[in-house]
Structure formats: structure tokens, C-alpha cells
Amino acid sequence: MIDKLLPAPVVTSEAFDDAPVSAMFPEEWALVSGAVPKRQKEFGTVRRCARSALSELGIAPAPLLPGPGREPLWPAGIVGAMTHCAGYRAAAVARSADVRTLGLDAEPHLPVDDPGVIDLITLPEERTQLRRLAGAQPEVCWDRLVFSAKESVYKAWYPLTHRWLGFEDALLTLDPSNATFTARLLVPGPVVDGRELTEFTGRWLVGAGLVVTAIVDTV
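Note that the structure is predicted; figures quoted are calculated from it, not measured. (Residues numbered from 1 in each chain as written. Predicted model: local features only at pLDDT ≥ 70, side-chain atom pairs only at ≥ 80, totals over all residues. Heavy atoms only, no water.)

## Let's talk about the sheet that holds strand β1 (residues 11-15)
Phase 1 of the analysis: Read from one edge of the open sheet, 3 strands run β1-β3-β2, paired in antiparallel fashion. Pairing within the sheet leaves two strands with one partner each, and these edge strands are β1 and β2 (78-85). Each neighbouring strand pair of the sheet contributes to a mean axis angle of 10°, computed without reference to strand direction.
Phase 2 of the analysis: Judged from the 8 bridges that link them, β2 and strand β3 (residues 88-95) form a sheet pairing that is antiparallel. Looking across to β3, one finds that His84 is bridged to Arg89. (Pairing = 2+ DSSP bridges. Helix = DSSP H or I, 4+ residues; strand = E, 2+ residues; numbered from the N terminus. Axes fitted to C-alpha atoms, helices over the stretch in contact; angles between N-to-C directions.)

What follows is the structure, encoded as C-alpha cells:
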């Protein structure tokens with residue numbers, strides 16, 4: 001699925017079932033040895049996906065450990081993102097000479113069933129947009145799509161800033177005509193190549209019971 005969202009120079013890998021936990025490196029297993037089996041499997045399988053993608057860039061298999069912000073620590077010269085949800089794991093990687101940052105998120109294509117959650121993850125302008133889109137295309141779970149897109153925004157933001165970004169710190173505009181979105185930052189953005197980054201753009205797709213969103217910021 002995600003190869004449709006993230007073309008070259010980004011390399012992707014995905015899985016719809018889990019690998020044996022024995023596929024993990026000892027350093028990875030140490031992080032989840034006390035977790036429930038579900039967590040162990042998703043942790044290990046998404047890293048198997050990442051190593052598969054990295055191998056296409058000539059990167060030898062190695063442990064993929066989380067950093068202080070729980071972000072994946074990629075090999076030198078590599079940027080990437082990982083995601084997992086029920087029944088799906090995926091990773092995307094690229095060389096930092098080609099891509100500044102990546103964001104990737106997958107969610108079950110189901111409505112967010114708690115109105116309180118919608119209020120937490122969206123701004124008033126976004127809720128107005130959601131109502132309009134739901135009236136025009138009710139087959140799409142637009143609230144879940146917004147949640148996923150904001151997760152992708154955060155994953156693209158954090159490697160550039162190493163700062164928290166709240167749901168309220170980016171205003172999403174969805175374009176259903178071409179399955180794209182724009183996230184306008186409402187807080188000071190990172191300075192990249194001498195200019196402040198003020199927004200991210202991304203794409204989405206719906207299929208196989210999933211909604212998947214992705215951002216790639218090329219050099």
C-alpha cells in the first residue's frame with residue numbers, strides 16, 4: 001500500500017502478519033521482554049519491515065532502538081518512519097541526502113467513536129471541515145484520517161526539532177480531489193536550509209480496512 005504514497009527515492013516495506021519474536025536483536029528484545037505478546041510482535045515485525053527497506057539501500061541489519069522521544073534511531077545518513085496498527089506494520093526509509101524527513105501513520109479505517117477525542121485532536125476549523133466532508137463522502141472515516149495525518153505530521157516534525165508538537169499546533173486542510181493534505185504549523189517551525197518551515201504536505205489512501213497517511217519532504 002505505502003509504495004503508492006511514497007515513491008522513490010523512499011523505500012518502503014509492509015507486513016500484514018507478524019514475524020516470530022526471535023527475529024529481534026537482543027537489544028530490541030530487552031526493551032519488550034516484559035510486554036504482552038501483542039506488543040512484542042508488533043515491535044519486532046515493524047523493525048523487520050524497517051530492516052527489509054534498509055537492505056535495499058545497502059544497510060546491513062542492525063538493532064533499531066528508540067531515542068529519548070521514542071523516535072527510531074536510524075543509521076547515519078538515513079531518515080525514516082515506522083507505523084503499526086491492528087493487522088498492519090510498515091516502514092519507510094530514504095537517504096538524508098535525498099529526503100529531509102518522513103512521516104508515516106496507519107490506522108484502522110473506523111470512526112473515532114468518542115466525541116471527546118475529536119475535540120482533543122481537532123481545531124474548530126477542522127471540525128467544520130470534517131462535517132462538510134462527511135456529508136459529501138460518508139464512506140470515508142474523515143475523523144480517523146485527520147488523526148492519522150496529525151500523527152504523520154508529528155513524525156515528520158520531531159526529527160527536525162526534537163520538540164513536542166500538539167494536535168492543536170497544526171491546522172489540517174484536506175483535499176479529497178487528489179487525496180492530499182496540508183498541515184499549517186501554528187507554532188514556530190524548524191529552520192531548514194536557512195528558511196523556516198511553516199507547513200507539511202502529505203498524501204493519504206484508504207484500503208484493506210486501513211487509512212494510511214504519509215509525508216515526505218525532499219531535499
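Structure shown, so let's carry the discussion forward.
## Remarks on the nonpolar core
Phase 1 of the analysis: Judged by nonpolar contacts, the single largest core of 23 residues is most densely connected at Trp142, Leu145, Val153, Leu174, Phe181 and Phe200.
Phase 2 of the analysis: Breaking this core down by element, the ones donating at least two residues are α4 (124-136), α5 (142-161), β5 (170-175), β6 (180-185), β9 (199-207) and β10 (210-218).
Phase 3 of the analysis: When residues of this core are assigned to their parent elements, the largest contribution, 8 residues, is made by α5.
Phase 4 of the analysis: Once you skip the residues sitting within four places of it in the chain, Phe200 turns out to touch Thr101, Val153, Ala156, Trp157, Leu160, Phe181, Thr182, Ala183, Leu185 and Ile215. (Core = buried A, V, L, I, M, F, W, Y, C linked by side-chain atoms within 4.5 Å. Buried < 20%, exposed > 50% of the residue type's maximum accessible area, 1.4 Å probe, protein only. Contact = heavy atoms within 4.5 Å.)

## Here we look at the pairing of β5
Phase 1 of the analysis: Of the strand pairs in this sheet, β5 and β6 are connected by 6 bridges, and their pairing is antiparallel. Bridging across to β6, Asp175 finds its partner in Thr180.
Phase 2 of the analysis: The hairpin turn running from β5 into β6, its antiparallel successor, is 4 residues long, and Ala179 in that turn takes a positive phi close to 55°.

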